[in-house]
Amino acid sequence: MPSLEDELFPSTPGKFKIDRGHNINRQFHRCFASTSTMFIWALFLIALTASYLSFQSFVDSGNRYFTASWGGIQWEKQIRNSAKTNRPGGMSVLVTGAAGFIGSHVSLALKKRGDGVVGLDNFNNYYDPSLKKARQSLLHSQAILVVEGDLNDVKLMAKLFDLVAFTQVMHLAAQAGVRYAMENPSSYVHSNIAGLVTLLETCKSANPQPAIVWASSSSVYGLNDKVPFSELDRTDQPASLYAATKKAGEEITHTYNHIYGLAITGLRFFTVYGPWGRPDMAYFSFTRNILQGKTITIYRGKNKADLARDFTYIDDIVKGCLGSLDTSGRSTGSGGKKRGPAPYRNFNLGNTTPVKVPTLVNILEKHLRVKAKRKIMEMPGNGDVPYTHANISLARREFGYKPTTDLQTGLKKFVRWYLSYYGYNRKDVW
Ligand SMILES: NC(=O)c1ccc[n+]([C@@H]2O[C@H](COP(=O)([O-])OP(=O)(O)OC[C@H]3O[C@@H](n4cnc5c(N)ncnc54)[C@H](O)[C@@H]3O)[C@@H](O)[C@H]2O)c1
C-alpha cells in the first residue's frame, strides 16, 4: 500500500524520481516542497472535516425529533392498506397524534365505521411512551398503521400525501399540558406552532386539499370569566404558554383558510378523560397516588374557592370529532372562489356540567374503595384557570353534538380500565 508521501510524490519511472543520495540543497528543496504541499493538504483536510462536522450537527439538530423508521415498498403498501375505506363514501383520514389519548380513540372509531385511517405520532416522552406503544398495538390489531415520525419532517409529510389522497386530516398531535410549558417552552413551539405550520403547508400543496379538523383547547378562554364559555367570548387573554400556542394555532389556521382556501375546523376540548387517558392529568395521577397510598394535592383558587372543570368523557369527544369531520366541508384551493369560501369554524366540545375537583376525588374514592390522603393548597400561578364551563349550542346545531356521559359513569369506566391495564387485582384494592 503506498504511503501518503508516495502518493504525493509518485515514484513512477519517468515522472518524478527522488534521489535520496543527493546534496543538501536538493534535500532542502524537496523538504520545502513537501512541507508546503503537506500544509495545503492539511488545510484541505481540516476544512473538509469542519464542513462535515457542521453538516452533521445541522442534520442532527434538524432530526432530533425525527426517526428514519419510514420508507420502503412494504411500508408504502401498509400505508395504502391502512388508508383504504371500507364503506361507500368513506373518508381517508390522516390522524396526527394517533398514539395519543384522543387520537387513538378517534382512529379506532373511524376504522370501526369503515373509514381509512393512517396515524402519525413521534412517541415523545412527555409521558410514558410505553402507554403510547400500547395504544399503537391496539390500533395495529385493528389494521391501523401509526407511522413513527414528527410533524416537522417535511419529507415524511409530503410522502404520506403522495401515497394517499387524504380527504380529511384529524390533527391531534401537540405538546399538551399547561404546567409543563414552564419547564420546556420550546416543545410547545416545536409541535403546536412549527409542526402546525408544516402540516398546513403540506395540506396546502396537496391535491386534492383535505379538510382539516384540529384540536384547539378550552384554554384559549384564559382569563375570561363570563360563563359558560361561548365561541363569541374573548380569547385574547391566555393564562399559559400552552393556551397561547393554541390561540396562535387558531389565528394561523384562519390565515390558511383565508389565503389558500383550506377548510378548517378547530375544536376547543374541555378536560377530556377516560380509559387510555393521559397520565399527566389530575384524575389519572390522583388515581395512581390514591392506589399507592400517597398524598394528593388539591388546589384552591382565590378566596378558598374550589377549582372546577367541565370534565368531558372521551366517547362524547369522539362523537364530536366524527361529527365535525363529517361536516368539515371541502377545501376550495387557493383562489378557488368557484365553490364558495371553504368553512373556517371553531366549536366548543365540553360536557356543560362543571364539577368541583374535591367532588372528582370523592367519586374516585368511591370507585377505588380507597380513602384519599388530601392536602389542600392555594393554586400557584402556573397557568391553570379556576373554572371551565362550555356552552355547546353551536356544535349541537352544526353536527348534533350531545354529550351523554356524566362524571360518575365516565370515571367508573376509567377506573375499570386503569385497574386492568396496570394489573391490579380488584381484591387487592377492595
Ligand atoms: N385531553 C384533554 O383534556 C385536551 C383538552 C384540550 C385540548 N386537547 C388537545 O387535544 C389533542 C390531543 O390531546 P391528548 O390528550 O390526546 O394528548 P396526548 O399527548 O395523549 O396526544 C398527543 C400526541 O401527539 C404526539 N405528538 C406531539 N408532538 C408531536 C409532533 N411534533 N409530531 C408528531 N406527534 C407529536 C404525542 O406523542 C402524543 O402521542 C392535543 O392537541 C391537545 O392539546 C386535549
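Once a new chain begins, its residue numbering starts again from 1 and follows that chain's sequence as written. Local features in this predicted model are restricted to residues of pLDDT 70 or higher, and side-chain atom pairs are both shown and tallied only at a pLDDT of 80 or more, whereas totals for entire chains, interfaces and linings draw on every residue.

Chemist: Sorry if this is basic, but what is going on with the pairing of strand 4 (residues 168-171) here?
Modeler: If a strand is regular, its side chains alternate between the two faces of the sheet. Note on burial: count the other C-beta atoms lying within 10 Å of the residue's C-beta; 20 or more is buried, 12 or fewer is exposed, in between is partly exposed, and C-beta positions come from the backbone. The way it works is that DSSP assigns letters per residue, a run of H or I at least four long becomes a helix, a run of E at least two long becomes a strand, and they are numbered from the N terminus. Taking every second residue as pointing to the same face, both faces of strand 4 are buried, with Gln-168 and Met-170 on one and Val-169 and His-171 on the other. Pairing between strand 1 (residues 92-96) and strand 4: 4 bridges, direction parallel. Pairing of Thr-96 across the sheet is with His-171, part of strand 4. Relative to strand 5 (residues 211-215), strand 4 is paired through 4 bridges, and the arrangement is parallel. The residue of strand 5 that forms the bridge with Val-169 is Ile-212. At this point the chain moves from strand 4, through helix 7 (residues 185-205), to the parallel strand 5, and the crossover so formed is right-handed. Any two strands with at least two DSSP-identified bridges between them are counted as paired. Look down the strands so they point away from you; if going from the first strand over the helix to the second traces a clockwise path, that crossover is right-handed.

Chemist: What's the story with the nonpolar core in this structure? I'm lost.
Modeler: Soluble globular proteins: nonpolar side chains tend toward being buried together. Here a nonpolar core is just a set of buried residues of the types Ala, Val, Leu, Ile, Met, Phe, Trp, Tyr and Cys, joined wherever their C-beta atoms sit within 7 Å. Of all hydrophobic cores here, the largest spans 94 residues; its most connected members are Val-93, Met-170, Ile-212, Leu-262, Cys-321 and Leu-349. The element that contributes the greatest number of residues to this core is helix 10 (residues 314-326), accounting for 6 residues. Contact criterion: two residues are in contact if their C-beta atoms, reconstructed from the backbone, are within 7 Å. Other than its neighbours up to four places away in sequence, Leu-262 contacts Leu-200, Cys-203, Lys-204, Gln-209, Ile-212, Tyr-256, Asn-257, Ser-331 and Ala-342.

Chemist: Is there a simple way to think about the sheet that holds strand 2 (residues 116-121) in this case?
Modeler: Each strand in a sheet pairs with its neighbour through backbone hydrogen bonds, running either in the same direction (parallel) or in the opposite one (antiparallel). Read across the sheet, 7 strands follow the order 3-2-1-4-5-6-11 without closing on themselves; strand pairing throughout is parallel. Looking at the sheet topology across the chains shown, the edges are occupied by strand 3 (145-148) and strand 11 (344-349). On average, adjacent strands in this sheet sit at an angle of 20 degrees to one another, irrespective of strand direction. Running at roughly 165 degrees to strand 6 (residues 264-269), helix 8 (residues 241-260) makes contact with strand 5, strand 6 and strand 11 of the sheet. A fitted line through C-alpha atoms represents every axis, and for helices the fit uses only the stretch in contact; the resulting angles, taken between N-to-C directions, go from 0 to 180 degrees.

Chemist: I tried to follow the site of the ligand on my own but got confused; where do I start?
Modeler: Throughout this description, a residue near a molecule or strand is one whose C-beta atom, derived from the backbone, lies within 6 Å of it. Around the ligand, the surrounding shell holds 28 residues, and the nearest of these are Gly-97, Gly-100, Phe-101, Ala-174 and Ala-215. Elements with a contribution of two residues or more to the shell around the ligand: helix 4 (101-112), strand 2 and helix 7. Among the elements that make up the shell around the ligand, the one with the highest residue count is helix 4 (3 residues).

Chemist: Could you clarify how one ought to interpret the pairing of strand 1 in this entry?
Modeler: With respect to burial, strand 1 is a largely interior element, 5 of its 5 residues being buried. Here strand 1 shows no split at all, with Ser-92, Leu-94 and Thr-96 on one side and Val-93 and Val-95 on the other all buried. Examined bridge by bridge, strand 1 and strand 2 share 5 bridges and lie parallel to one another. When the sheet's bridge partners are listed, Ser-92 is paired in strand 2 with Gly-116. Each parallel crossover has a hand, and the one from strand 1 via helix 4 to strand 2 is right-handed.

Chemist: Hey, could you run me through the environment of Thr-253 in this one?
Modeler: Position of Thr-253 relative to the elements: it lies in helix 8. Take Thr-253: there are 24 C-beta atoms within 10 Å of it, and that puts it in the buried class. Placed 57 residues apart in sequence, Thr-253 and Leu-196 show a C-alpha to C-alpha distance of 8.5 Å. For Thr-253, the residues in contact, after removing those within four places along its chain, are Leu-200, Trp-214, Ile-264 and Gly-266.

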